[in-house]
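Inside the fold
So the chains spell out like this:
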Amino acid sequence: MNKPIYIAGAAMTRFGRLEASMQDMTQEAVLGAVADAGIELPQAEAFYACNVFGGMALGQVLLRDLDLPGLPIYNVENACASSATGVHLACHALACGAYDTVVVFGVEKLTAMGGGTIPLQRNDYMTELYARAGLALPAVYAMRATRYLHEFGVGAEVLGEVAVKNRRHGALNPYAQTRTEVSIDEVMDSRMVFDPLTLLQCCPSAVDGAAALVLTTKK
């Protein structure tokens, strides 16, 4: 069964250095998305909790104060793609008819890690080799970017335009951490971090925030 899927509601917290706990941020985003969809919280049949550093059974911990009536909560971790993966899995469940309406949320409190680059995991031999060589995640992404430029025969400014586009979107969002537009020249002339990625192409890691979507097959 392949049903059309709709975004019925969306909400997010402000992103930045926040005093709020992960529970507070999660509930602000989830309740905001549910209100935006015009439904009551128990009408959501399942929740997809997306996070990397929060620990075990995090969704259950973050939502327990909302008095949910035994609804399923799925915890999703897939590094930087955790929330995108949560949406992907939720869409599969909706399309096959397992649920009619679900909530997907992502939350992180990275300021608790003290700033700097996110450390590489040491749970496989390749990552351990990277870590021993002193590579941080931006260096790994830079190697992939270099390969992309080589395979497609394009210049580094093609990737720089991604930063220009993202900063333009952020300038329109009152909840965004960075709300200043930049030009392609500013991006390419900013300090080189790992060739070909410059400073304005790298995301700041010390940020807190949450966002949520209500997905449904109901028009």
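The rules behind each value
- Residues numbered from 1 in each chain as written.
- Predicted model: local features only at pLDDT ≥ 70, side-chain atom pairs only at ≥ 80, totals over all residues.
- Heavy atoms only, no water.
- Salt bridge = Lys/Arg side-chain N within 4 Å of Asp/Glu carboxyl O.
- Helix = DSSP H or I, 4+ residues; strand = E, 2+ residues; numbered from the N terminus.
- Buried < 20%, exposed > 50% of the residue type's maximum accessible area, 1.4 Å probe, protein only.
- Contact = heavy atoms within 4.5 Å.

Let us now look at the pattern of salt bridges. If you walk through the whole model with that rule in mind, you get two salt bridges. The salt bridge partner of Glu151 is Arg147, with a shortest N-O separation of 2.9 Å. Remark: Arg147 and Glu151 occur in helix 5 (residues 137–152); sequence separation between them is four residues, near one turn of the helix. With relative accessibility at 48%, the residue Arg147 sits in the partly exposed group.

Our focus in this paragraph is the environment of Gly38. Along the chain, the position of Gly38 falls in the loop between helix 1 (22–37) and strand 2 (47–50). The exposure class of Gly38 is exposed, given its relative accessible area of 64%. Residues Gly38 and Ala8 lie 30 residues apart in sequence; the distance between their C-alpha atoms is 8.3 Å.

Here we take up unusual backbone geometry. For the peptide bond that leads from Asp195 to Pro196, omega is 10°, which places it in the cis range. When you line up the elements, Pro196 lands in the loop between strand 5 (192–194) and strand 6 (197–198). Positive phi outside glycine occurs at Asp67, with the angle close to 60°. Assignment of secondary structure puts Asp67 in the loop between helix 2 (58–63) and strand 3 (73–76). Within the chain, Ala79 stands out as a residue other than glycine whose phi angle is a positive 50°. Within the secondary structure, Ala79 sits in the loop between strand 3 and helix 3 (82–95).

Take the environment of Tyr141 next. Structurally, Tyr141 is set in helix 5. Look at Tyr141 and you get partly exposed, because its relative accessible area is 34%. With 61 residues separating them along the chain, Tyr141 and Cys202 place their C-alpha atoms 9.9 Å apart. Filtering out sequence-adjacent residues up to four positions away, Tyr141 remains in contact with Cys80 and Leu197.

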